[in-house]
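Observations on the model geometry
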Amino acid sequence: MTSIQLRNYNPRYEQELSHLYYDAITKLAPAYYHPQQVKIWADYPRKHPNEFAELLTQGTVIMAINSKGKVIGFGQLHPKNYIALLYTLPEFNRLGVASAIYSKLEQLAYISHQTTLSVTASKLSQPLFQKLGFELIDTEIAVRDDITFERYNMVKLL
């Protein structure tokens, strides 16, 4: 794995996280989703910048910063037992960055006396969460802008 430092979110990184989110989805999701789905998903921070900024201030957001000071991934625990976001730059996909961020989020959940962690995983992230010990509870169909997305509700006992 690449050398990283895990830090708490600071609002000065908002734009960098917005770009990271967009890049992760537009470059990694096309293998799992059709172009309309990718566009709607990836455009969320651009179409709703104030909402995205507000989202980043909720719960705990952990950023992975490389040795050059660049954010290469981030994840969010909100509420204290739910993984709300977990993204890495495409060039750092499958290099252990998301797992490192997840481990820190799990540690924080455990410290706050949570007994389970939940996530609504995408087709892209489901294999990672399975590897991390999450079990599939059910499959759901979400709708955004009249476009459907298949997602996976998963849980892990701590």
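Cut-off values and rules
- Residues numbered from 1 in each chain as written.
- Predicted model: local features only at pLDDT ≥ 70, side-chain atom pairs only at ≥ 80, totals over all residues.
- Heavy atoms only, no water.
- Phe/Tyr/Trp six-rings, centres within 6.5 Å; stacked < 30°, edge-to-face > 60°.
- Lys NZ or Arg CZ within 6 Å of the ring centre and 35° of its normal.
- UniProt positions renumbered as here; feature names shortened; annotations may be inferred.
- Helix = DSSP H or I, 4+ residues; strand = E, 2+ residues; numbered from the N terminus.
- Pairing = 2+ DSSP bridges.
- Axes fitted to C-alpha atoms, helices over the stretch in contact; angles between N-to-C directions.
- Buried < 20%, exposed > 50% of the residue type's maximum accessible area, 1.4 Å probe, protein only.
- Contact = heavy atoms within 4.5 Å.
- Salt bridge = Lys/Arg side-chain N within 4 Å of Asp/Glu carboxyl O.
- Core = buried A, V, L, I, M, F, W, Y, C linked by side-chain atoms within 4.5 Å.
- 1 Å grid on protein atoms, 1.4 Å probe; cavity = no way out; pocket = protein on both sides within 12 Å on 5 of 7 lines; lining within 4 Å.
- Points joined across faces, edges and corners; volume = space filled by probe spheres on them.
- Nonpolar A, V, L, I, M, F, W, Y, C, P; charged D, E, K, R; others polar.

The name given to the chain in an unreviewed UniProt entry is GNAT family N-acetyltransferase, with Photobacterium angustum as the source organism.

Quick look at the packing of aromatic side chains now. A ring pair, where both rings are aromatic, is described by two values, the distance of the centres and the angle of the planes. Applying the stated rule across the entire model yields 10 aromatic pairs. Three or more aromatic residues joined by ring pairs form one cluster here, namely Tyr 21, Tyr 44, Phe 52, Phe 74 and Tyr 87. Over the ring of Tyr 22 we find Arg 46, and its NZ or CZ is 3.6 Å from the ring centre. We note Lys 123 situated over the ring of Tyr 33; from NZ or CZ to the ring centre the distance is 5.4 Å.

On to the UniProt feature "domain: N-acetyltransferase" (unreviewed entry) in the chain. When the UniProt feature table is mapped onto this chain, "domain: N-acetyltransferase" (unreviewed entry) is found at residues 4-158. Helix and strand shares over residues 4-158 are 36% and 34% respectively, and the end C-alpha atoms of the span are 25 Å apart.

Let's shift gears to the sheet that holds strand β3 (residues 71-77). Spatial strand order, β1-β2-β3-β4-β5-β7-β6: 7 strands in an open sheet with mixed pairing. Of all strands in the sheet, those with a lone pairing partner are β1 (4-8) and β6 (135-144), marking the two edges. Shown here is a sheet whose adjacent strand axes are inclined to one another by a mean of 25 degrees, direction ignored. For strand β5 (residues 116-121) and strand β7 (residues 147-157), the ladder comprises 6 bridges, and the chain directions are antiparallel. The residue bridging Leu 117 from the neighbouring strand is Lys 156, located in β7.

For helix α2 (residues 35-42), the complete set of buried residues consists of Gln 37, Val 38, Ile 40, Trp 41 and Ala 42. In this structure, the buried side of α2 is in contact with α1 (14-28), α3 (44-47), β4 (82-88), β6 and β7.

Counting across every chain of the model gives 5 salt bridges. The shortest N-O distance in the salt bridge between Lys 27 and Asp 23 comes to 3.7 Å. A residue pair is termed a helical-turn pair when its members lie 3 or 4 positions apart in one helix, as Lys 27 and Asp 23 do in helix α1 at 4 residues. The salt bridge involving Arg 151 is made with Glu 140; its shortest N-O contact spans 2.5 Å. In this pair, Arg 151 sits in strand β7 while Glu 140 sits in strand β6, placing the two residues 11 residues apart along the sequence. The exposure class of Glu 140 is partly exposed, given its relative accessible area of 24%.

The next subject is the nonpolar core. Counting 48 residues, the largest nonpolar core has Leu 17, Tyr 21, Phe 74, Ile 83, Tyr 87 and Phe 129 as the members making the most contacts within it. Ranked by residues supplied to this core, first place goes to helix α5 (residues 97-111) with 6 residues. Apart from the residues lying within four places of it in its own chain, the contact partners of Leu 17 are Tyr 9, Phe 52, Leu 56, Val 61, Met 63, Val 71 and Phe 74.

Now for the layout of surface pockets. In this structure, the largest pocket spans a volume of roughly 890 Å³. Lining the largest pocket are 37 residues; nearest its centre among them are Leu 86, Tyr 87, Ser 122, Ser 125 and Phe 129. Elements supplying a minimum of two residues to the lining of the largest pocket: α1, α4 (49-56), β4, α5, β5, α6 (126-131), β6 and β7. If one sorts the elements of the lining of the largest pocket by residue count, β4 sits on top with 7 residues. Grouping the amino acids of the lining of the largest pocket by side-chain chemistry returns 25 nonpolar, 7 polar and 5 charged.

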